[in-house]
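# Coordinate analysis (summary)
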Amino acid sequence: MNQSALARSWVEHANGHGDFPLQNLPLGIFSRKDQAPRCGVAIGDAILDLEAVLAAGLFDGQARAAVEATRGGALNAFFALGRGARVALRERLLELLGEHSEHQAALKPLLHAASECQLHLPARIGDYTDFYVGIEHAKNVGKLFRPDNPLLPNYKHVPIGYHGRASTIRPSGTDVRRPKGQTLPAGQSEPSFGPCARLDYELELGIWIGQGNDMGDSIPVAEAAEHIAGFCLLNDWSARDIQAWEYQPLGPFLSKSFISTISPWVVTAEALEPFRCAQPARPEGDPQPLAYLLDKRDQAGGAFDIELEVLLLTERMREQNLPAHRLTLSNTLSMYWTVAQMVAHHSVNGCQLQPGDLFGSGTLSGAQPGQFGSLLEITQGGKEPVELASGEVRKFLEDGDEIILRARCKRDGVASIGFGECRGKILAAH
């Protein structure tokens with residue numbers, strides 16, 4: 001079995017594929033016209049039907065148990081099996097899809113063009129927690145509202161987060177209905193009700209929880225990586241005018257809960273292993289994390305080097321056949337806290353995490369213009385509009401606008417992998 005970083009597949013269009021070469025093998029839930037939703041693996045521009053591969057008798061042992069756990073159109077039971085099952089399934093898929101596979105004839109009919117399939121949420125999301133670990137975003141937003149004190153005192157001591165709404169998380173391609181709510185117009189003393197006027201996107205990394213913990217127990221930071229099943233992209237759409245009126249004293253509410261969009265493929269922790277790196281050193285003078293958040297191994301390899309991109313496509317740009325406009329090119333290295341630290345902190349009080357729970361990293365911006373993960377930052381709260389090749393300008397998102405998130409992992413000597421797209425188009429309020 002060839003597991004080298006540059007191994008090739010007999011599925012020719014997977015070789016050199018920007019997102020889904022043999023080295024990625026992300027899992028998701030898909031359906032075709034003649035079948036119920038089921039688990040598949042993305043390979044190039046196709047999806048391999050894992051239930052059909054199972055029926056063909058090509059899985060055994062832990063790999064067989066892993067695929068059996070995906071039945072029912074959700075990956076929760078698979079996530080619960082933990083790392084051993086993921087690794088066994090990955091190793092078997094590398095054998096089956098590698099260029100020297102003995103099973104090509106049996107597998108070819110089980111490959112389906114991704115363009116002819118519908119993708120669904122990969123798991124039943126019981127709980128969703130949104131963190132705030134992108135320090136440059138926190139500083140950028142802080143400067144807009146608290147120029148003399150951008151970061152609140154607790155930021156460098158504790159991974160900040162809030163519990164979001166799981167019921168309105170949707171897969172890429174779902175339209176985004178402009179929300180309505182209360183706002184306080186500038187210069188007014190009484191709120192008004194109506195459609196959001198300052199609709200924004202937020203560029204985030206999504207984290208899927210694998211094995212959970214019992215209520216009352218906590219997950220040590222040194223063991224937290226074992227509880228992470230995989231990753232996706234997340235757009236935490238935000239109604240900034242609603243948010244400004246409602247967020248004190250308890251934080252985001254209706255300004256965030258109308259929809260959050262995720263990319264539908266689960267990029268496993270194992271696929272991202274070549275792109276792990278040391279957590280960036282904290283600036284001199286920053287406090288060290290408390291003991292329950294500090295682990296040498298996590299600090300040495302708990303961060304990820306993932307390039308993140310945001311594109312905007314308007315109705316006029318479509319009419320003029322113009323390419324999408326890049327708004328942002330950022331990186332997950334802007335995360336002040338590691339994913340393991342997020343898991344450890346979330347559970348330290350005995351909170352129960354369960355397979356299929358979803359975390360958001362919070363907006364991931366860089367320090368420089370062109371690296372900001374929201375229009376709130378890019379336009380300085382609407383003061384500096386974005387100019388587009390179509391002749392349009394944008395302070396915030398308008399009806400018909402489409403936001404596209406992408407991610408890419410690149411390293412010399414290793415095949416590049418991606419996450420697939422996370423996109424959503426704005427529809428007018430009802």
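The preceding data block contains the structure.
Each chain has its residues counted from 1, running along the sequence as written. The predicted origin of the model limits local features to residues at a pLDDT of at least 70 and limits the giving and counting of side-chain atom pairs to 80 or more, whereas totals for whole chains, interfaces and linings rest on all residues. The basis for the side-chain values is all heavy atoms of the structure; hydrogens and waters are excluded.

### Considering the pairing of strand 6 (residues 128-131)
A simple rule labels every residue: compare its accessible area, found with a 1.4 Å probe on the protein chains alone, to the largest value its type can have, and call it buried under 20%, exposed over 50%, or partly exposed in between. By the criteria applied, helices consist of DSSP H or I runs no shorter than four residues and strands consist of E runs no shorter than two, each listed in order from the N terminus. Of the two faces of strand 6, the one carrying Tyr128 and Asp130 and the one carrying Thr129 and Phe131 are both buried. The pairing of strand 6 with strand 22 (residues 358-360) spans three bridges and is parallel. Across the sheet, Thr129 pairs through a bridge with Phe359, a residue of strand 22. By the convention used here, strands pair only if DSSP detects at least 2 bridges between them. Pairing of strand 6 with strand 7 (residues 161-163), which is carried by three bridges, proceeds in the antiparallel orientation. For Phe131, the partnering residue across the bridge sits in strand 7 and is Gly161.

### Looking at the pattern of salt bridges
The term salt bridge refers to a pairing of a side-chain nitrogen on Lys or Arg with a carboxyl oxygen on Asp or Glu at a separation within 4 Å. With the rule as written, the count across this model stands at 27 salt bridges. For Glu95, the salt bridge goes to Arg92, with nearest N and O atoms at 2.8 Å. One end of the pair, Glu95, and the other, Arg92, are both in helix 4 (residues 83-97), three residues apart, so they sit about a helical turn from each other. The class of Glu95 is partly exposed, set by a relative accessible area of 36%. A salt bridge links Asp286 to Lys156; the nearest nitrogen and oxygen atoms lie 2.8 Å apart. Remark: Lys156 occurs in the loop between helix 6 (135-145) and strand 7 and Asp286 occurs in the loop between strand 18 (276-277) and helix 8 (296-301); sequence separation between them is 130 residues.

### Structural notes on the layout of surface pockets
Space inside and on the surface of the protein is sampled on a 1 Å grid over the protein atoms alone, with a cavity defined as a set of points where a 1.4 Å probe fits but cannot get out and a pocket as an open set with protein on both sides within 12 Å along at least 5 of 7 lines; lining residues have an atom within 4 Å of a point. Grid points are joined across faces, edges and corners, and a volume is the space filled by probe spheres set on the points. In this model, the largest pocket occupies a volume close to 1200 Å³. In terms of lining, the largest pocket is formed by 46 residues, of which the most central are Tyr132, Val141, Phe145, Gln243 and Tyr247. When residues in the lining of the largest pocket are grouped by element, the largest group, six residues, is from helix 6. Looking at the lining of the largest pocket residue by residue, the class counts come to 23 nonpolar, 14 polar and nine charged. Each residue is assigned to one of three groups, with Ala, Val, Leu, Ile, Met, Phe, Trp, Tyr, Cys and Pro labelled nonpolar, Asp, Glu, Lys and Arg labelled charged, and all others, Gly among them, labelled polar.

Any functional reading would require information beyond the geometric quantities listed.
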